[in-house]
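Below, each chain spelled out in residue letters.
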Amino acid sequence: MKKIIASLLALTCITFTAHTQAKYKNYQDSITAEAVKLEVWTTVPAVIPGAFTNEAPSDAIVLYNGKDFSAFHGRDGKKIGWKIDPDGALTDVKGAGDLITNQSFGDCQLHVEFRTPAIVKGEGQSRGNSGVYLMGLYEIQVLDSYKNPTYSNGQAAAVYKQHIPLVNASREPGQWQAYDILFKAPVFKENGSLDKPATVTVLHNGVLVQNNVTIIGPTDWVRKPVYKKHEAKLPLFFQDHGDDGNPISYRNIWIRPL
Ligand code: MG
């Protein structure tokens, strides 16, 4: 009798388990079918990331690689007065003029490495001052902001006179630093009025310092910025601030139009 009861129990157990497994499988299949609907297979993002030597990714346009500055021109037909140091750094010379890209860009990811002078001269805005002018209009400030007080919305990684960086991630003078900039260009309506303002995200030495902030207009030192309709793509430039304390250096500049 005991044997019969044990056999019946075992049979019930097997039947129950098989039933549960089948039900679970059906459930899994329906979940999987739903999940598959959300899978995107038609767009395949692919890029070979640079090696850990700050190499540009495979799809980037290299603007400066330590050898020549042929991707740039001077303002108003002037010759570029910047010099290439033995270590490949592209260094500003007083009054050398801005470095303007030959190509025009709108939405982009931009990587820039810069070095403020090891020998510190000047203070505040006269110490390692340069700038990355997106579209030639919207400045991300470059400055030696290592123990160098100045107005906060004019320090390194500020959207100049518009947005103070979330933190000061500056390294000591003479050390290489990096900006990684994600920029969305402004959009204008046919009638010239602003449709969407520009936005920017900036990482300074890998640290988030501008988190998708809205640019309120072209950089203006004196006045409140006001948008004025312009092309969807424009050259960007690197500022020659033109005074003594600013022989700023750049290297490894690349851009990925988005
Ligand atoms: Mg500047």
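Preceding this section is the structure that the text describes.
Residues numbered from 1 in each chain as written. Predicted model: local features only at pLDDT ≥ 70, side-chain atom pairs only at ≥ 80, totals over all residues. Heavy atoms only, no water.

Asker: If you had to explain a nonpolar patch on the surface to someone new, which residues and values would you point to?
Answerer: Taken together, the side chains of Leu166, Val167, Val207 and Leu208 define a hydrophobic patch exposed on the protein surface, amounting to about 320 Å² of accessible area. Looking at the secondary structure, you find Leu166 in the loop between β8 (138-142) and β9 (176-184). The class for Leu166 is exposed, based on a relative accessible area of 58%. (Patch = residues over 30% accessible without salt bridge, like charges linked within 9 Å, V, L, I, M, F, W, Y side chains within 5 Å. Areas by Shrake-Rupley, 256 points an atom, 1.4 Å probe, with all protein chains shown as cover. Salt bridge = Lys/Arg side-chain N within 4 Å of Asp/Glu carboxyl O. Helix = DSSP H or I, 4+ residues; strand = E, 2+ residues; numbered from the N terminus. Buried < 20%, exposed > 50% of the residue type's maximum accessible area, 1.4 Å probe, protein only.)

Asker: Tell me about the packing of aromatic side chains, and name the residues and values.
Answerer: The description of an aromatic ring pair rests on the distance of the ring centres and on the angle between the ring planes. All told, the structure shown has nine aromatic pairs when counted by the stated rule. Between Phe114 and Tyr179, the aromatic rings sit 4.7 Å apart at their centres with planes inclined by 55 degrees, giving tilted as the arrangement. Note that Phe114 is positioned in strand β6 (residues 108-115) and Tyr179 in strand β9, a separation of 65 residues in sequence. Pair check on accessibility: Phe114 and Tyr179 agree, each one buried. Taking the centre distance of 6.1 Å and the plane angle of 50 degrees together, the rings of Tyr138 and Tyr227 count as tilted. Here Tyr138 is found in strand β8, whereas its partner Tyr227 is found in the loop between β13 (207-214) and β14 (237-238), with 89 residues between them in sequence. Across the pair, Tyr227 and Tyr138 agree in class, each one buried. An aromatic cluster of three or more residues is present, and its members are Phe72, Trp82, Phe238 and Tyr250. Taking the ring centre of Phe237 as reference, the NZ or CZ of Arg75 above it sits at 4.8 Å. (Phe/Tyr/Trp six-rings, centres within 6.5 Å; stacked < 30°, edge-to-face > 60°. Lys NZ or Arg CZ within 6 Å of the ring centre and 35° of its normal.)

Asker: Explain the environment of His73 residue by residue, including any values.
Answerer: Relative to the helices and strands, His73 is located in strand β2 (residues 72-73). Look at His73 and you get partly exposed, because its relative accessible area is 33%. Along the chain, His73 and Asn102 lie 29 residues apart, while their C-alpha atoms are 6.3 Å from each other. Those residues within four positions of His73 in sequence are excluded, and the remaining contacts are Ile80, Asp98, Leu99, Ile100, Thr101 and Asn102. Among the polar contacts listed, one links the side chain of His73 to the side chain of Asn102, at a separation of 2.8 Å. (Contact = heavy atoms within 4.5 Å. Polar contact = N/O pair within 3.5 Å; in protein donor to acceptor, adjacent residues only side chain to side chain.)

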